[in-house]
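Residue-level structure breakdown
Each chain is listed here by its residues.
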Amino acid sequence: GWISVCDSGLCTMDAATLTYDTLRFGDFEDFPETTEPVWILGTKYSALTDKDEIFADVTSRLWFTYRKSFSPIGGTGPTSDNGWGCMLRCGQMIFAQALICRHLGRDWRWVNGKQQRDEYYNILNAFLDKKDSYYSIHQIAQMGVGEGKSIGQWYGPNTAAQVLKKLTFFDNWSSLAVHVAMDNTVIIDDIKMLCKSESPCAAAAAAAAFPQTDGPRPFNGYPSGANCSEDTLAWKPLVLLIPLRLGLSEINEAYIKTLKKCFMMPQSLGVIGGKPNSAHYFIGYVENELIYLDPHTTQPVVEPFDDFSIPDESFHCQHPPCRMNICDLDPSIAVGFFCSTEEDFNDWCKRMKMISQEKDALLMFELMDFQTARFPDVHCLTPDFTDSERLERFFDSEDEDFEILSL
């Protein structure tokens, strides 16, 4: 059933050695027979009567795993992300869900063997393992160099969020506004200014970054014809990523109720996190177990056909997903939300403020109308760190060269 790979003992193995064929999953009927609701990215299901619908929803999420035999990253780098790319793949999954919400809608469903809308293939093409796909493992790994991460180095949730934000500059088809909340604080006014700001089309920058090659070059990582409209959007759809640390070495149980409520929101994109050096994409929960997609499966690279069609079966998890106890979650995570309109964002703010009024729910971050002058956070150890460096040291659990002191 939805038995965690960890529960089956596979987590004691080197996860990088797993392949799709070596993984073994139980029967769907083993899913808990509970009257408690199942929440998947803002949609509520019954574990007793909605198993087919749950499985269809989970299977429709884009599933990005380790791949092998792709072109060398940077021309001379690795040809597989086996063993180091799990957080990069989780970043791809949470961002792919944002693009699905943007272009296909939350209720869109994938059916194996069925011809899908062009927007679906445009989205998938943007994540293929090739250098001119704008959210490819190549682009994420190379963009991470600017965040202080060498190619082949493990990322934390904050690094993944920062890199994806930078890569959206080239994606003028989606025309997204990406905000990575800093210092555990979401400033409403800053986000509204970002989503209402005008920005020039990124086609010129994209052309400079990826010069014309022989034959038709994918536009923005998508097949030709996937151009954006030149019309300026009154509100750019928002992808809100909030890196958080919900404890020191383990999650503070006071945050669990609030974390669950994030999966209940219609704007939910899920959570990226997991365990140190082992990342997962969490898409929901049932009772006290998180439901997640696991990237620790090595599959061969997929090459599109000459007509840009893509064999897509391996990009969808067609077995019941994994589960883990929420208390086993590493405290370093990033929570994601998608707000397609200003009204959608206002609704998200309203829901968050309602949670803050519940006496037994501890907010994971502060929601403020405007930025106010305040003293630096206690974790700003010296004035020499840039914001990015400071957050990297605080949020990314792979950084072991410092410790948080009790005052």
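Residues numbered from 1 in each chain as written. Predicted model: local features only at pLDDT ≥ 70, side-chain atom pairs only at ≥ 80, totals over all residues. Heavy atoms only, no water.

**Concerning the overall build of the protein**
- Along the backbone of the protein there are ten helices and 13 strands.
- Within the protein, the proportion of its 407 residues that are buried is 54%.
- Taking contacts inside the protein between residues at least 6 apart in sequence as the whole, the part at least 24 apart equals 74%.
- Looking at the protein as shown, the accessible area adds up to about 17,700 Å², and 51% of this sits on carbon and sulfur atoms. (Helix = DSSP H or I, 4+ residues; strand = E, 2+ residues; numbered from the N terminus. Buried < 20%, exposed > 50% of the residue type's maximum accessible area, 1.4 Å probe, protein only. Contact = heavy atoms within 4.5 Å. Areas by Shrake-Rupley, 256 points an atom, 1.4 Å probe, with all protein chains shown as cover.)

**Considering helix 3 (residues 118-125)**
- Counting buried positions over the eight residues of helix 3 gives six, a clear majority of the element.
- All of the buried residues along helix 3 are Tyr120, Tyr121, Asn122, Ile123, Leu124 and Asn125.

**Quick look at the pattern of salt bridges**
- By the definition in use, this model includes 17 salt bridges.
- Of the charged contacts, one joins Asp81 and Arg89 as a salt bridge, the two residues approaching to 2.8 Å between their closest N and O atoms.
- With relative accessibility at 0%, the residue Asp81 sits in the buried group.
- With a shortest N-O distance of 3.6 Å, Lys353 and Asp369 are connected by a salt bridge. (Salt bridge = Lys/Arg side-chain N within 4 Å of Asp/Glu carboxyl O.)

**Remarks on unusual backbone geometry**
- The phi dihedral of Ser69 falls on the positive side, at around 70°, and the residue is not glycine.
- Positionally, Ser69 belongs in the loop between strand 3 (66-68) and helix 2 (86-103).
- Of note, Asp183 is a non-glycine position whose phi angle comes to about 55°, a positive value.

**Comments concerning the packing of aromatic side chains**
- For the structure shown, the criterion picks out 14 aromatic pairs.
- Seen in terms of ring centroids, Phe64 and Phe127 are 5.1 Å apart; in terms of plane orientation they differ by 25°. Their pairing is stacked. Of this pair, Phe64 sits in the loop between helix 1 (51-60) and strand 3 while Phe127 sits in the loop between helix 3 and helix 4 (137-143), placing them 63 residues apart in sequence. As far as the burial class goes, Phe64 and Phe127 line up, both buried.
- Each member of the aromatic cluster is reached from another via a ring pair, and the members are Phe64, Phe95, Phe127, Tyr135 and Phe315.
- When the ring centre of Phe315 is taken as reference, the NZ or CZ atom of Arg67 above it lies at 4.5 Å. (Phe/Tyr/Trp six-rings, centres within 6.5 Å; stacked < 30°, edge-to-face > 60°. Lys NZ or Arg CZ within 6 Å of the ring centre and 35° of its normal.)

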